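Structural features, examined
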Amino acid sequence: MELFNAFAVSLQAVWADSGFSAFEAGNGIMILVGLVLLYMAIVKEFEPLLLGPIAFGCILANFPRTGFFEEPGLMQAIHYGIANEIFPPLIFLGVGAMTDFGPLLARPVTLLLGAAAQIGVFVALVGAMLLGFNVQEAGAIGIIGGADGPTAIYLSIQMAPHLLGAIAVAAYSYMSLVPLIQPPIMKLLTTQKEREVVMEQLRPVTKFERVCFPIVAAIIISLLLPPIASLLGCLMLGNLFRESGVMDRLSDTAQNSLCNMVTIFLATGTGMTMNAHDFLVPQTLLIICLGLVAFIAGTAGGVLFGKVMCRVSGWKINPLIGSAGVSAVPMAARVSQVVGMKSKPGNYLLMHAMGPNVAGVIGTAVAAGTMLAMLK
Amino acid sequence: MSHPVTTNPLIIMLINMTVVFLVLTALGLVINLIHVIDPTRPKEKKQEEALPAEPVAAAEPAPVAEAAVDEKGISPEIVAVIAAAIASYGYGVEQIRAIRPIQRDGWKNSGRMRLSNRRS
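Procedures and definitions
Sequence order sets the numbering: in each chain, residues are counted from 1 along the sequence as written. Starting at A for chains and at 1 for ligands, labels are handed out in the order in which the entities are written. A pLDDT threshold of at least 70 governs which residues receive local features in this predicted model, and a stricter bar of 80 or more applies before side-chain atom pairs are shown or counted, although totals over entire chains, interfaces and linings include all residues. Only heavy atoms go into the side-chain values, all of them from the structure, while hydrogens and water stay out. Lining residues are those with an atom within 4 Å of a point, where the points come from a 1 Å grid over the protein atoms alone and group into cavities, where a 1.4 Å probe fits but cannot get out, or pockets, open sets with protein on both sides within 12 Å along at least five of seven lines. Grid points are joined across faces, edges and corners, and a volume is the space filled by probe spheres set on the points. The helix count covers DSSP runs of H or I at least four residues long, the strand count covers runs of E at least two residues long, and both are numbered beginning at the N terminus. Three classes are used, and their members are as follows: Ala, Val, Leu, Ile, Met, Phe, Trp, Tyr, Cys and Pro are nonpolar, Asp, Glu, Lys and Arg are charged, and the others, Gly among them, are polar. Nonpolar cores are built from buried Ala, Val, Leu, Ile, Met, Phe, Trp, Tyr and Cys residues. Side-chain atoms within 4.5 Å join them into one set. Buried residues are those whose accessible area, probed at 1.4 Å on protein chains only, stays under 20% of the maximum for their type, while exposed residues exceed 50% and partly exposed ones sit between those limits. We call two residues contacting when some pair of their heavy atoms lies within 4.5 Å. As used here, buried area is the combined drop in accessible area, with a 1.4 Å probe, of two parts when they are placed together. Within this document, salt bridges are pairs made up of a side-chain nitrogen of Lys or Arg and a carboxyl oxygen of Asp or Glu, the two lying within 4 Å of each other. Definition of a polar contact: a pair of N or O atoms within 3.5 Å, with one able to donate and the other able to accept a hydrogen when the atoms are protein atoms, and with sequence-neighbouring residues admitted only if both atoms are side-chain atoms. A helix is expected to span 1.5 Å for every residue after the first. What the arc measures is the spread of directions leading from the helix axis to the C-beta atoms.

1. Concerning empty space enclosed by the protein
Residues and elements named next belong to chain A. Throughout the structure, instances matching the rule amount to one cavity of 30 Å³ or more. Roughly 50 Å³ of volume is contained in the largest cavity. As for the largest cavity, its lining consists of His162, Leu163, Leu164, Gly165, Ala166, Thr273, Met274, Asp278, Phe279, Thr284 and Ile287. Of all the secondary-structure elements, those providing two or more residues to the lining of the largest cavity are α12 (164–176), α18 (276–279) and α19 (282–312). Here the lining of the largest cavity is built from residues that sort into six nonpolar, four polar and one charged.

2. A short note on the nonpolar core
Counting residues in hydrophobic clusters, the biggest one holds 127 residues, and the most contacted among them are Phe101, Leu104, Ile141, Ile144, Phe213, Met236 and Ile362 of chain A. Not counting chain neighbours up to four residues away, the residues in contact with phenylalanine 213 of chain A comprise Phe101, Leu104, Leu105, Met236 and Ile362 of chain A together with Leu27, Ile31 and Ile34 of chain B. Within the second largest apolar cluster, five residues are counted, among which are Val79, Ala83, Ile96 and Ile99 of chain B.

3. Thoughts on the interface of chain B and chain A
When the parts of a complex come together, some accessible area is lost, and that lost area is often used as the size of the interface. Contact residues are listed per partner, giving 35 residues for chain B and 42 residues for chain A. A per-residue breakdown of the area chain B buries against chain A is headed by Leu24, Leu27 and Ile31 of chain B, which together make up 18% of the total. Our count for the chain B to chain A interface comes out at zero salt bridges. Between chain B and chain A we count four residue pairs in polar contact (both at pLDDT 80 or more) in total. At 21 residues, helix α1 (residues 9–37) of chain B tops the list of elements feeding residues into the side of chain B that touches chain A. Among the residues forming the side of chain B that touches chain A, the class breakdown is 21 nonpolar, twelve polar and two charged.

4. Some remarks on unusual backbone geometry
All names here are of chain A. A cis amide bond links valine 329 to the next residue, proline 330, at an omega of -5°. Counting through the fold element by element, proline 330 comes out in the loop between α19 and α20 (331–343). Look at glutamate 45: it is not a glycine, yet its phi comes out positive at around 55°. For glutamate 45, the location among the structural elements is in the loop between α3 (25–42) and α4 (48–61). On the accessibility criterion, glutamate 45 (59% relative accessible area) is exposed. Although it is not a glycine, alanine 328 sits at a positive phi angle of roughly 45°.

5. A look at α3 of chain A
Residues and elements named next belong to chain A. Helix length check: α3, at 18 residues, gives a terminal C-alpha distance of 26 Å against a target of 26 Å (1.5 Å per residue), a fit within 8%. Of all the residues in α3, the buried ones are Gly26, Asn27, Met30, Ile31, Gly34, Leu37, Leu38 and Ala41. The arc that holds the buried residues of α3, viewed along the axis, is 135°, so those residues lie on one side. Turned more than 90 degrees off the buried face of α3, the exposed positions are Ala25 and Leu32. Close packing links the buried residues of α3 with α2 (19–22), α4, α12 and α18.

Geometric values such as these leave the question of function open.
Listed below in structure tokens is the structure:
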């Protein structure tokens, strides 16, 4: 009998300490959301390298009584890396090492397309404020339009940490949907004649230019906008690893092992911010809708400015490359290439679109820096 | 957290877009400046200067290639495609001396290779 009692008490204690006793409907819904995101990542291959860990992090975050963020351990370390803006700059280090700024250096005027596409950020910001979000939250939501995951996370942490999960999921989801979102807007806003514009071949870029650019850009942008010095500094440092020609081992580490490791931590940690309490609110749906508005407005802004540049340059710039100004490297540039090829087979726009594409990365970071300086 | 400068969304939009354009324009100017002070640039310029003289003298190669077209049976479209492919690697059309079909039968070669592979 005593054995039976001890067994029953133990079972009760196990049950009382288990996650099941504290499990709520919200946790169940969020685990389902995580499973849907996993399905999209694995089966539909929507940004699987990012959405996969985000989805799994979302599932982990909704197990009650894990004490992930209260007790020291791996999960708390990951959370520390996110909450203290450690991971986004490290991702940018890898992005810089993977980025070829050559097309941008060969045709610097495409920087303006990267700037024009940032209109999506601010259209979403206006929309968010009209829907009742405060100015910091609106700024963080607007940055989804920049189509740059690390920058979106970087800004959200500083301006609206409670919205991080929804903003990150919206940003990465729409980035994976760029091939579906952009082409109809690009076709709607351009004529057949504009889509058929063949661009002149880019001039060769010397090693001197390639090495000087990251150094000078880091100095100028960091002095102008110190809040994004760590992001832009790491981007340019990674690019210097790549272009210097004498730091191949560092470049290799930054673009492969380091970037992959940090991606695991950043994406899992982002997913772990998606707990039911913060995520299952009406604001999440609004954020997802505003993210779509931001993407559409950014694409439209880039294409419309591309049309202006097309006229000003005497039909030497194809407006389709303007849509690549929304970052999402290199997918947005690929979309310009695909739409251009459909309009005129043999018209290769990929390298021309890479200019505004990488300009968009810098533009989004600058927009984030300006908002941090102005709104934080 | 300090107070934001303004909460008017349109003013925020206007100021931010202006700053983004100004910063990226400044960056564009810097890129142009780097290009201008590039010590490796004059060599390229000399090459570029040397080239225009050639096309005048060597402006004929394209018609020559076209003349060869009629004789050898290569259509102007194929010549254009080959020229475009070469141009995409950074060479001028004037640098193409001739486009001639190789006097080999691809099917024969393929058959030969298959036979030799079987033997080995």
